[in-house]
Amino acid sequence: AACDGTDLELSEPRKCAGTGNWVVDVKRVSDERRMGEVILTAELLPPRTNAKGKVVWSLPADKAVAPRLGLHEQRSVFAEYRRQRKEKKDANRAMSQLRRRDDAKREKAERWAARTLQSAVRGALARRRVRSLLADGRVDSSARLPAGILDPIETAAVLDPIETA
C-alpha cells in the first residue's frame, strides 16, 4: 500500500509516448482501479542529499533508465497527486456553480416569459368577456370601462389563436 497509509499505490514508472518523460499511475489497492497519473519531473523530484551534501537519489540522467522511487519520492508523488486532485475538484466546483447560476438565470427568464404570456392571455380573455357582455346587452355601452380594454389590434392578435382552437 501507500507509504502514507492510504488505499493507494504507485505503478512502476513507464515512458510517456509523446514527451518521453516518465509517468507513474496512482492505483487504488482494493480494486486496482487507476485513479490518476503523475509525470516525474526534476521539479517534482529534485535530487535528495544526505547530511554531508552527497546526492543520495536523483532522477536518472539517461532517459532510457527507469527511475526507482524511494520512500521520500513516493511521498512527493502522492502529494502531487493530491494537489492535482484538489485542483481538479476546485475547477469542477467552480464550473458547477457557473452552470447553476446560468440555469437559475434561464429559469427566471422562462418564468418571466410565462407570466407575461399569462398576463396577455388573461387580458385578452377579459376583453373577450366584456365584448360578449356588450353584445348580449348585459352591460350598458356607456358604462365606464378601463382605457384600452377593447383595443382591437391587441385583442385580435391574442384572441385569434384561441378562437380557432
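Definitions and cut-offs
Residues numbered from 1 in each chain as written. Predicted model: local features only at pLDDT ≥ 70, side-chain atom pairs only at ≥ 80, totals over all residues. Heavy atoms only, no water. Helix = DSSP H or I, 4+ residues; strand = E, 2+ residues; numbered from the N terminus. Buried < 20%, exposed > 50% of the residue type's maximum accessible area, 1.4 Å probe, protein only. Contact = heavy atoms within 4.5 Å. Areas by Shrake-Rupley, 256 points an atom, 1.4 Å probe, with all protein chains shown as cover. Salt bridge = Lys/Arg side-chain N within 4 Å of Asp/Glu carboxyl O. pLDDT = per-residue confidence, 0-100.

## Focus on the overall build of the chain
Piece 1. Across its full length, the chain carries 2 helices and 6 strands.
Piece 2. Reading the secondary structure of the chain in the N-to-C direction produces β-β-β-β-β-β-α-α.
Piece 3. Taken over 165 residues, the chain has a buried fraction of 19%.
Piece 4. Considering only contacts within the chain whose residues lie at least 6 apart along the sequence, 40% involve residues at least 24 apart.
Piece 5. A total of about 12,100 Å² of accessible surface is found on the chain, and carbon and sulfur atoms cover 54% of it.

## Focus: the pattern of salt bridges
Piece 1. Overall, the coordinates contain 11 salt bridges when judged by the stated rule.
Piece 2. A salt bridge links Arg28 to Asp31, with the shortest nitrogen-to-oxygen separation between them at 3.1 Å.
Piece 3. Looking at Asp31, the relative accessible area reads 42%, which means it is partly exposed.
Piece 4. Taking the shortest distance from any N to any O, the salt bridge between Asp90 and Lys86 comes out at 3.2 Å.

## Examining the confidence of the model for the chain
Piece 1. This prediction gives the chain a mean pLDDT of 82; 81% of its residues lie at or above 70.
Piece 2. Strand β3 (residues 22–28) holds the highest mean pLDDT among the elements of the chain, 94, whereas helix α2 (residues 152–164) holds the lowest, 47.
Piece 3. Predicted confidence is poor over residues 153–165, with pLDDT under 50, and the contacts of this stretch with residues over four places away or in other chains come to 15 contacts.

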